[in-house]
Amino acid sequence: MLYLLDANVLIRADEEYYGFDLVPQFWDWLLSQCQAGHIKMPLEIWQEVCGSRTQLGQWINDKDVKAALILTEEADPAILNDVLDSGYGANLTDTEIEKIGQDMFLVAYGLAAPNRTIVTKEVSAPSKQRANRKVPDVCNTFGQVWIKDFDLYRTLGFKA
């Protein structure tokens, strides 16, 4: 199984419960999981975090971390278009696409190969429409498996 991280997983871990100064072993564990090929982050999602001036920004820009973390493939344009049209809505405006941000890439990479799971902090909100749809709901549209971050930590055996 390959787990694909949403940016909010790392951002919230750093800001709320696994700060670098509080739980440095989390970040060592995460790097080891990336190096082992269990966890990756699409480049487009990585770009959402790489400009941060926090410790997370420093960590994610470290050459060894970047090499281990980033998924080394390009999004399939046909899958990406399907995610936009069927997952969010047909004929999206430029403003709607901007609001969706990079989430469409996360879902498209999940759909690109079997045995991939999206990991996100987003909460399902099935009544949301078009650009307001949440990653779990877009995943559900396609039958793409997704889990919350703490489910990932339990599955891969992180112990704080």
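Counting restarts for each chain, with residues numbered from 1 along the sequence as it is written. The predicted origin of the model limits local features to residues at a pLDDT of at least 70 and limits the giving and counting of side-chain atom pairs to 80 or more, whereas totals for whole chains, interfaces and linings rest on all residues. Heavy atoms throughout the structure, all of them, feed into the side-chain values; hydrogens and water do not.

Asker: Can you tell me about helix 6 (residues 77-88), naming the residues and giving the values?
Answerer: Secondary structure counts use DSSP, requiring at least four H or I residues in a row for a helix and at least two E residues in a row for a strand, with both numbered from the N terminus. Here a helix's expected span is defined as the number of its residues, less one, multiplied by 1.5 Å. For helix 6, spanning twelve residues, the distance from its first C-alpha to its last is 16 Å, which sits close to the expected 16 Å at 1.5 Å a residue. The definition of a polar contact used here is a pair of N or O atoms within 3.5 Å, where within protein one atom must be able to donate a hydrogen and the other to accept one, and adjacent residues in sequence count solely through side-chain atom pairs. The N-capping residue of helix 6, defined by a side-chain oxygen 2.8 Å from the backbone nitrogen of Ala 78, is Asp 76. After helix 6 finishes, the residue Gly 89 shows a positive phi value of roughly 155°.

Asker: I'd like to hear about the pattern of salt bridges, residue by residue, with values.
Answerer: The term salt bridge refers to a side-chain nitrogen of Lys or Arg lying within 4 Å of a carboxyl oxygen of Asp or Glu. If you walk through the whole model with that rule in mind, you get six salt bridges. Residue Arg 12 pairs with Glu 16 through a salt bridge whose shortest N-O separation is 2.7 Å. Of this pair, Arg 12 and Glu 16 both sit in helix 1 (residues 7-17), four residues apart, which is roughly one turn of that helix. Using a relative accessible area of 30% as the deciding quantity, one classes Arg 12 as partly exposed. On the accessibility criterion, Glu 16 (47% relative accessible area) is partly exposed. Burial classes follow relative accessibility: with a 1.4 Å probe on protein chains only, a residue under 20% of its type's maximum area counts as buried, one over 50% as exposed, and anything between as partly exposed.

Asker: So what about the side chain of Lys 121? Which residues, and what values?
Answerer: On the secondary structure map, Lys 121 appears in the loop between strand 4 (116-120) and helix 9 (135-142). A relative accessible area of 13% places Lys 121 in the buried class. A polar contact is formed between the side chain of Lys 121 and the side chain of Tyr 17, at a distance of 3.3 Å. At 3.2 Å, the side chain of Lys 121 and the side chain of Asp 149 are in polar contact. Contacts are residue-level and defined by heavy atoms, with any inter-residue pair within 4.5 Å sufficient. When near neighbours in sequence (up to four residues on either side) are disregarded, Lys 121 contacts Asn 8, Val 9, Arg 12, Tyr 17, Lys 148, Asp 149 and Phe 150.

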